[in-house]
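Here is how the chains run, residue by residue.
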Amino acid sequence: MAAPVPEPVVMGVVNVTPDSFSDGGEWLDPVAAIAHGHALVAQGAALLDIGGESTRPGAEPVGEAEELRRVVPVLEGLAQARARLSIDTSKAAVAAAAIDAGATLVNDVTALRGDAEMAALVAERGCDVCLMHMLGEPRTMQRDPRYGDVVADVRAFLAERLEHAVAEGIARERVWLDPGIGFGKTIDHNLELLARLDEIVALGRPVVVGTSRKSFLGTITGREPGDRVAGTIATNVIALVRGASVFRVHDVAAARDALLVAAATLRGRWPPPTTTSTR
Ligand code: HH2
């Protein structure tokens, strides 16, 4: 029998940064960021991922005070939105303030390696955590990344980080995993991870994919970041087929429609079951 098709959860991106690779500066003003978050919820985002530090290749780190200044008003302004809130940070102090403001997911691109206090915070506060694979660090990660077998290496890393999280007191059921598309990876690394994503899904936790507008889509299509929606959706649908359940995107309406129809088609049935572990 075919594996059950997860109900796709669309995570809308709210970058409160001057330098994000595709929308840097667009939502730096908190009023604009809050309005953007509400618009993404209206388009079908069940989750909003709010971030105050770019992790694009070459990005310079942001200080804690500045990151707090960027994200806290936006989280507060979105606390009543009809979506869960996620904080995209690797700093425990930022995550703590975000949880106080209503976030229930910590999206840590360092997978609990960036801040020694992060695991204890997530364990204590009982929120969900997304652990992402990254080779190196944003400033240098795209300088000649190498793997033995990229899928096996990323899977082993995520398996180790999952056990680390559990050993630190985080409930296994609270952990989501992400192969980190574009984080220390060539175009072929990204494509192979997507083609064999079922091997990551086999770790038994919800898998998040973040391909939205990323440069490998530009390499294939020749398009600028804002024109990579169709490419993003192609990868999201393939990831859904391979068992991913959370899709981190900038262009929510298009991704939501494509994923709903793709999931219904894979099931051969509509409406979908009503519950999912990522809600
Ligand atoms: N990608 C980005 C940022 N955070 N988090 C997860 N879990 N997975 C991802 O693939 C991921 C992520 C990069 O995208 P974006 O936020 O648009 O750009 P920037 O880092 O330049 O702000």
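None of these values were measured; they are calculated from a predicted model. (Residues numbered from 1 in each chain as written. Predicted model: local features only at pLDDT ≥ 70, side-chain atom pairs only at ≥ 80, totals over all residues. Heavy atoms only, no water.)

**Structural notes on helix H6 (residues 187-195)**
Then, in step 1: Among the residues making up H6, those that are buried are His189, Asn190, Leu193 and Leu194. Down the axis of H6, the smallest arc covering the buried residues is 130°, so these residues share one side. (Buried < 20%, exposed > 50% of the residue type's maximum accessible area, 1.4 Å probe, protein only. Helix = DSSP H or I, 4+ residues; strand = E, 2+ residues; numbered from the N terminus. Arc of directions from axis to C-beta.)

**Let's talk about the pattern of salt bridges**
Then, in step 1: Enumeration over the complete set of coordinates arrives at 19 salt bridges.
Then, in step 2: Among the salt bridges present, the one from aspartate 257 reaches arginine 256, with a minimum N-O distance of 2.9 Å.
Then, in step 3: Residue classification places aspartate 257 among the partly exposed residues on the basis of a relative accessible area of 42%.
Then, in step 4: A relative accessible area of 34% means that arginine 256 is categorised as partly exposed. (Salt bridge = Lys/Arg side-chain N within 4 Å of Asp/Glu carboxyl O.)

**Let's talk about the sheet that holds strand S8 (residues 246-249)**
Two strands in a sheet stick together by hydrogen bonds in their backbones, pointing the same way (parallel) or opposite ways (antiparallel).
Then, in step 1: Strand order in the open sheet formed by 8 strands is S6-S5-S4-S3-S2-S1-S8-S7, with parallel pairing between adjacent strands. Two strands lie at the open edges of the sheet, namely strand S6 (175-178) and strand S7 (208-209), each paired on one side alone.
Then, in step 2: Sheet topology places strand S1 (residues 9-15) next to strand S2 (residues 47-51); 5 bridges connect them, and they run parallel. Following the sheet pairing, glycine 12 is matched in S2 by leucine 48.
Then, in step 3: Seen against the sheet, helix H9 (residues 229-241) touches S7 and S8 and runs at an angle of roughly 170° to S8. (Pairing = 2+ DSSP bridges. Contact = heavy atoms within 4.5 Å. Axes fitted to C-alpha atoms, helices over the stretch in contact; angles between N-to-C directions.)

**A few points about helix H10 (residues 252-267)**
Then, in step 1: Its 16 residues place the ends of H10 22 Å apart at the C-alpha level, agreeing with the 22 Å of an ideal helix rising 1.5 Å per residue.
Then, in step 2: Burial in H10 covers these residues: Val252, Ala255, Leu259, Ala262, Ala263, Ala264 and Arg267. (Expected span 1.5 Å × (residues − 1).)

**Re the site of the ligand**
Then, in step 1: The ligand sits among 17 residues. The nearest are Ser20, Ser54, Thr55, Asp178 and His250.
Then, in step 2: Between the ligand and threonine 55, the relevant distance is 2.7 Å, taken from an oxygen atom to a main-chain nitrogen or oxygen of the residue.
Then, in step 3: Alone, the ligand offers 480 Å² of accessible surface; in the complex the protein occludes 98% of this.
Then, in step 4: Broken down by class, the residue content of the shell around the ligand amounts to 5 nonpolar, 7 polar and 5 charged. (Near = heavy atom within 4 Å. Polar contact = N/O pair within 3.5 Å; in protein donor to acceptor, adjacent residues only side chain to side chain. Areas by Shrake-Rupley, 256 points an atom, 1.4 Å probe, with all protein chains shown as cover. Nonpolar A, V, L, I, M, F, W, Y, C, P; charged D, E, K, R; others polar.)

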